[in-house]
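Here's the letter readout for the chains.
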Amino acid sequence: MSHKLEEARIYEAREGAAIPAHDRPLFHLTPRVGWMNDPNGFCYYQGAYHLFYQYYPYDTVWGPMHWGHAVTTDLLHWDYRPCALAPDTDADAKGCFSGTAVPAPDGKLLLLYTGVQQAGDSPEEVHQLQCLAVGDGTDFVKEAANPVIGADLLPEGGSAVDFRDPKIWYEDGRYHCVVSTRDAHDQGRILLYESPDARRWTYRTTLDSCRNEYGKMWECPDFFPLEDKQLLLVSPQEMEASPDGEFHPGFGTVALLGRYDKTEARFTREAVQPIDYGTDFYAPQTLLTPDGRRVMVAWMENWATVNEAPRRHKWFGRMTLPRELFLRDGRLCQRPVRELETLWQNTITRRETLDGDAVYEGVAGRRLDLTVTLDAAASPDCRRFTLCFAENDRYRTRVEWSPLYNELLFDRSGCGTRRDIPHLRRLKAAPQNGRLTLRLILDGDCLELFVNDGQRVLSALLDTPAEAEGISLHSEGPLALELVHHTLH
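Residues numbered from 1 in each chain as written. Predicted model: local features only at pLDDT ≥ 70, side-chain atom pairs only at ≥ 80, totals over all residues. Heavy atoms only, no water.

Colleague: If you had to explain the nonpolar core to someone new, which residues and values would you point to?
Modeller: Counting residues in hydrophobic clusters, the biggest one holds 37 residues, and the most contacted among them are Phe385, Phe389, Leu408, Leu447, Leu449 and Leu473. Looking at this core element by element, the count peaks at five residues for strand β31 (residues 470-488). Ranked by size, the runner-up nonpolar core spans 31 residues in total, among them Phe42, Val337, Leu340 and Val457. (Core = buried A, V, L, I, M, F, W, Y, C linked by side-chain atoms within 4.5 Å. Buried < 20%, exposed > 50% of the residue type's maximum accessible area, 1.4 Å probe, protein only. Helix = DSSP H or I, 4+ residues; strand = E, 2+ residues; numbered from the N terminus.)

What follows is the structure in structure tokens.
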């Protein structure tokens, strides 16, 4: 074990132990201590789910990237493992950037990650190349021959300056991976490689590129089958807003749905959609569970706003609640992992017609799973519905639905924030079979909203003090609804 890795492990064990459990969310993973960004190496190995993450243990701001590590058996309760990687070789001296993990046939766990290396006399001159580490799920040994995918394996026009975030999988007796790069025309591209042993790689093809439509550099690719489609997930930088309002400017996340010809290694794009409509969601990564579910987790922050975010703890950054992915009517949909139901307590159900304002006894809190189903077909005179939460006489966040426009407005501007950052999001929300469902998950300052059983999802963080626990409903015109509230514990 290198001195850098040993030092990181000693530091995180000491400092992490000093952070009380109540200083963290209940089921959203946070770093053991210090800084967290992208999820890495999300996999199932030796009876548990492993999630690594971009990590700088020594401060709550981004620094030389390590890999943090946590495990869970239920996707809700996480146990920390020792830091897995530190930037301690020539191949990754400038940082161990994002990557993924796959169990090997011999029982070892392989980590394929981006090593950042000095490429010139200036400290700013770096290359990003793909490196391999092999281990037992706790301790990993880096390949002496790293990088295993070097600049010589880039196709014409590919940039070693932006060449990162490999997603590895094992299929049909061979290893495959997709990697992001930016070409000579400033286009994000996703490259496909294959290998017999995860050490000797061959470039096969470019699967897709941004085509001057969806941002520029594409980060953190994921490539997998889902039901009768093949999905390519990417996180574009420098997105422009789309005229229909589906995509917001800045850092985005995009799902490309299509067909994949394995023999020809050809991906045919058929549809494009956002993955999440919120203010805090980036770099999603998926795994296949033993029972056949495709589960996704993402970094619950935003690069455009993260530097000014308040540092209230000895840790910074968190992951979303893991979500099950599925298709409905040709669209990627998401719902919270079903394991969340094991946390349900004190269930309250109400069915009534609302016309005005309502506060219901027992329907409150900051750790909850609340579903409100609006019977739009039976409520033709309803002009507007508003759900307020994390509320008291000073603070509130609201979700407002307009039947006239079939549009949902998310507004956290009253949550207590003092930052001049995006606080509003609008998304399409048309009733399905006459009904609109809003499922709200709160875990302290973490908010995830699932519209129409995950047809659209919105993730956001709240700057609201914990004592603001109220929930209220408001209707302009009579509205038939059902409310189901679970406390999470």
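Picking up after the structure, the text goes on.
Colleague: Outline the packing of aromatic side chains, listing residues and values.
Modeller: Scanning the entire structure with this criterion turns up 20 aromatic pairs. Between Phe223 and Tyr260 the ring centres are 4.9 Å apart and the planes differ by 85°, which places this aromatic pair in the edge-to-face class. Of this pair, Phe223 sits in strand β13 (residues 218-226) while Tyr260 sits in strand β15 (residues 254-261), and the two are 37 residues apart along the sequence. Owing to a relative accessible area of 4%, Phe223 belongs among the buried residues under this scheme. A residue is classified by how much of its surface remains accessible, and Tyr260, at 22% relative accessible area, is partly exposed. Here a set of aromatic residues connected by ring pairs shows up, and it is made of Trp35, Trp299, Trp303 and Phe316. (Phe/Tyr/Trp six-rings, centres within 6.5 Å; stacked < 30°, edge-to-face > 60°.)

Colleague: Would you mind going over the pattern of salt bridges in detail, with residue names and values included?
Modeller: Per the stated rule, a full pass over the model turns up 49 salt bridges. Between Asp208 and Arg269 there is a salt bridge; the shortest N-O distance is 2.9 Å. Within this pair, whereas Asp208 is found in strand β12 (residues 202-209), its partner Arg269 is found in strand β16 (residues 266-274), the two being separated by 61 residues in sequence. No difference in accessibility class separates Asp208 from Arg269, as the two residues are buried. In this structure, Arg323 and Glu448 form a salt bridge, with 2.7 Å as the shortest nitrogen-oxygen distance. Of this pair, Arg323 sits in strand β20 (residues 323-328) while Glu448 sits in strand β29 (residues 446-451), and the two are 125 residues apart along the sequence. In this structure Glu448 comes out as buried when scored by relative accessible area, which is 0%. (Salt bridge = Lys/Arg side-chain N within 4 Å of Asp/Glu carboxyl O.)

Colleague: I'd like a description of the sheet that holds strand β10 (residues 174-182), backed by residues and values.
Modeller: The strands making up a sheet associate through backbone hydrogen bonding, with each pair oriented either parallel or antiparallel. With antiparallel pairing, four strands are arranged side by side in an open sheet as β9-β10-β11-β12. Taken across any chain shown, the strands that pair with only one partner, and hence form the sheet edges, are β9 (163-171) and β12. Mean inter-strand twist for the sheet, computed between neighbouring axes without regard to direction, equals 25°. Bridging between β10 and strand β11 (residues 188-195) involves eight bridges; their strand directions are antiparallel. Within the sheet, the bridge partner assigned to Val178 lies in β11 and is Leu192. (Pairing = 2+ DSSP bridges. Axes fitted to C-alpha atoms, helices over the stretch in contact; angles between N-to-C directions.)

Colleague: Give me the environment of Ala283: which residues, what numbers.
Modeller: For Ala283, the position within the fold is in strand β17 (residues 282-288). Judged by its relative accessible area of 1%, Ala283 falls in the buried class. Separated by 31 residues in sequence, Ala283 and Gly252 place their C-alpha atoms 8.9 Å apart. The contacts of Ala283, once residues within four sequence positions are left out, are Asp38, Pro39, Cys220, Ser235, Thr253, Val297 and Ala298. (Contact = heavy atoms within 4.5 Å.)

Colleague: I'd love a proper account of the pairing of strand β7 (residues 126-135), names of residues and values included.
Modeller: By the criterion of burial, β7 is predominantly enclosed, with nine of the 10 residues buried. Two elements, strand β6 (residues 109-118) and β7, share 10 bridges in a ladder whose sense is antiparallel. Along β7, the bridge assignment pairs Tyr113 with Cys131. As paired elements, β7 and strand β8 (residues 140-142) share three bridges and run antiparallel to each other. Residue pairing across strands places Gly135 opposite Phe140, the latter belonging to β8. The loop that links β7 with its antiparallel partner β8 comprises four residues; one of these, Gly137, has a positive phi angle of about 100°.

Colleague: Tell me about the sheet that holds β15, and please be specific about residues and values.
Modeller: One open sheet holds the four strands; their spatial order is β13-β14-β15-β16, and the pairing between them is antiparallel. Each end of this open sheet is capped by a strand with a single partner; those strands are β13 and β16. Across the sheet, the mean angle separating the axes of adjacent strands is 25° when strand polarity is ignored.

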